[in-house]
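Below are the chains, spelled out letter by letter.
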Amino acid sequence: MTSQVTVTDELIHAAQAGDGDAMWQILSAYESVLVGIIRSVAPGASRDDADDLLQEARAVLIQHVRDYNTGASSAALSTFAYRAVRRAVAEEWVRATVGLTIEPTAALRVRQALWTTEGDVEGAWMLVSTDQDSRKCMARSTFLAVVEALTETRSLDEPAGAATGHDSHADLTLADTIPDASSDFESSTDRRDLARWLVSQVSPRQALALRAFYGMGMERRPDTEVCAEMEIKPVSLRRLRNLGVERARSVAAAHGIGA
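The paragraphs below set out a description of the structure included in this document.

Calculation criteria
Throughout, residues of each chain are indexed from 1 in the direction in which the sequence is written. Per-residue local features of the predicted model are confined to residues with pLDDT of at least 70, and side-chain atom pairs are confined, for both listing and counting, to 80 or more; whole-chain, interface and lining totals are unaffected and use all residues. Only hydrogens and water are removed before side-chain values are computed, so all heavy atoms of the structure are retained for them. Runs of H or I in DSSP of at least four residues are treated as helices and runs of E of at least two as strands, each being numbered from the N terminus. Relative accessibility under 20% of the residue-type maximum defines a buried residue, over 50% an exposed one, and the middle range a partly exposed one, all with a 1.4 Å probe and only protein chains included. Every accessible area reported is derived by Shrake-Rupley at a probe size of 1.4 Å, with residue values counting cover from the shown protein chains alone. Every definition here rests on a 1 Å grid over the protein atoms only: cavities are sets of points where a 1.4 Å probe fits but cannot get out, pockets are open sets enclosed by protein on both sides within 12 Å along at least five of seven lines, and lining residues have some atom within 4 Å of a point. Grid points are joined across faces, edges and corners, and a volume is the space filled by probe spheres set on the points. Residue type decides the class: Asp, Glu, Lys and Arg count as charged, Ala, Val, Leu, Ile, Met, Phe, Trp, Tyr, Cys and Pro as nonpolar, and the leftover types, Gly among them, as polar. Two aromatic rings, drawn from Phe, Tyr or Trp (for Trp, its six-membered ring), form a pair once their centres lie within 6.5 Å of each other, and the interplanar angle then sorts them: stacked below 30 degrees, edge-to-face above 60, tilted otherwise. The rule for a charge over a ring is simple: NZ of Lys or CZ of Arg within 6 Å of the ring centre, and within 35 degrees of the ring normal. Axis definition: a line fit to C-alpha positions, over the contact stretch in the case of helices; interaxial angles, taken between N-to-C directions, run 0 to 180 degrees. Small angles under 35 degrees read as roughly parallel and large ones over 145 as roughly antiparallel, with 65 to 115 read as roughly perpendicular and the rest as oblique. Note on convention: near helix rotated counterclockwise from far helix by under a right angle means a left-handed crossing. Clockwise means right-handed. When checking whether two residues touch, look at their non-hydrogen atoms; a contact exists if any pair is within 4.5 Å. Residues belong to a common nonpolar core when they are buried Ala, Val, Leu, Ile, Met, Phe, Trp, Tyr or Cys residues joined through side-chain atoms within 4.5 Å.

**A short note on the overall build of the protein**
Moving on, step 1. Looking only at helices and strands, the protein features 14 helices and 0 strands.
Moving on, step 2. Put simply, the protein runs from its N terminus to its C terminus through helices and strands in the order α-α-α-α-α-α-α-α-α-α-α-α-α-α.
Moving on, step 3. Per-residue burial over the protein gives 44% buried out of 259 residues.
Moving on, step 4. Of the accessible surface of the protein, which amounts to about 13400 Å², a share of 49% is contributed by carbon and sulfur atoms.

Dropping the structure here:
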């Protein structure tokens, strides 16, 4: 990532301390890069779809600004955030364009396998089915359903880029309902670590809304600050939280590790 405006450590520190103007300067500095990622990953996106993807990309960048350690890392913020932004945009584009009930990451794995094997379905199945990570395995029926859906979605056939008024869950903690795939689902007792993974499985805006509300990887922040940062109204923020919790529960259920 590069930008016309220099994003200094001082500006990042100010944004991390809650300076909304500083955060907006950083977002503005990288706006053209975020737009470029969207054009590369989702070349067929309509203006409305592109606007939605831009909001998701901004949410990822905001979280990475908060996670960035200027003192311990030699990587520039742009390098630190680039892959995460691109991945998030790709997953959101899959969600928006492919009629599947499985995880977008699965669709992306199948698409990558098909690209690697130059469209050879059986060869792609061999790549997917022999993955050493058991959490990435999928049933053949699911694999074929993904292949069919991708075939029907022309923009995903192309190697784009690199390959309501109340919070009904305000009384719950994510630690009560969400596990994490980076751990052994059956033996892990660290439910807060488990929660972090499922938060990574929801959309970036939902994840940011949840992390700010529950204080996951960041200090808990009032809704007014989060709304200002994300440029949304309180009702929209509450809706994002609700959708995020429901999405997390569905992912947990899909893995057989429901609350």
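**Considering empty space enclosed by the protein**
Moving on, step 1. In this model, the largest cavity occupies a volume close to 70 Å³.
Moving on, step 2. Residue lining of the largest cavity: Trp 24, Leu 27, Gln 55, Arg 58, Ala 59, Ile 62, Arg 205, Glu 229, Met 230 and Glu 231, and that is the complete set.
Moving on, step 3. A per-element tally of the lining of the largest cavity places helix H4 (residues 47-67) first, with 4 residues.
Moving on, step 4. Classifying every residue of the lining of the largest cavity gives 5 nonpolar, 1 polar and 4 charged.

**Side note on the packing of aromatic side chains**
Centre-to-centre distance and the angle between the planes together describe a pair of aromatic rings.
Moving on, step 1. For the structure shown, the criterion picks out 3 aromatic pairs.
Moving on, step 2. Ring centres of Trp 125 and Phe 143 lie 5.2 Å apart, and the angle between their planes is 50°; on these two criteria the pair is classed as tilted. On the criterion of sequence distance, the pair formed by Trp 125 in helix H7 (residues 121-129) and Phe 143 in helix H8 (residues 140-152) is long-range, its members being 18 residues apart. In terms of burial, Trp 125 and Phe 143 fall into one category: buried.
Moving on, step 3. On the basis of an interplanar angle of 90° and a centroid distance of 5.0 Å, the ring pair of Phe 213 and Tyr 214 is categorised as edge-to-face. The pair formed by Phe 213 and Tyr 214 is uniform in burial state, with each residue classed as buried.
Moving on, step 4. Taking the ring centre of Phe 213 as reference, the NZ or CZ of Arg 220 above it sits at 5.5 Å.
Moving on, step 5. One Lys or Arg, Arg 241, reaches over the ring of Phe 213 and ends 4.0 Å from the middle of that ring.

**Focus: the packing of helix H2 (residues 20-29) against H4**
Moving on, step 1. Axis separation between H2 and H4 bottoms out at 11 Å; the angle between their running directions is 125°. Considered as vectors, H2 and H4 are oriented oblique to each other. Pair H2 / H4 crosses with right-handed handedness. When H2 is examined against H4, the residues Met 23, Trp 24, Ile 26 and Leu 27 are found in contact with a partner set consisting of Arg 58, Leu 61, Ile 62, Val 65 and Arg 66.

**Comments concerning the nonpolar core**
Moving on, step 1. The biggest cluster of nonpolar side chains holds 54 residues, and the ones touching the most others in it are Val 7, Ile 26, Val 65, Leu 77, Val 85, Val 89 and Phe 143.
Moving on, step 2. Dropping the residues within four chain positions of it, Leu 77 is found in contact with Val 7, Ile 12, Ile 26, Tyr 30, His 64, Val 65 and Tyr 68.
Moving on, step 3. Membership of the second largest hydrophobic core comes to 14 residues, among which are Trp 197, Val 199, Phe 213 and Met 216.

**Comments concerning the environment of Leu 61**
Moving on, step 1. Its place among the elements puts Leu 61 in helix H4.
Moving on, step 2. With a relative accessible area of 0%, Leu 61 lands in the buried category.

**Concerning the environment of Thr 224**
Moving on, step 1. Looking at the secondary structure, you find Thr 224 in helix H13 (residues 223-230).
Moving on, step 2. Using a relative accessible area of 64% as the deciding quantity, one classes Thr 224 as exposed.
Moving on, step 3. Linking Thr 224 and Leu 237, residues 13 residues apart in sequence, is a C-alpha distance of 9.7 Å.

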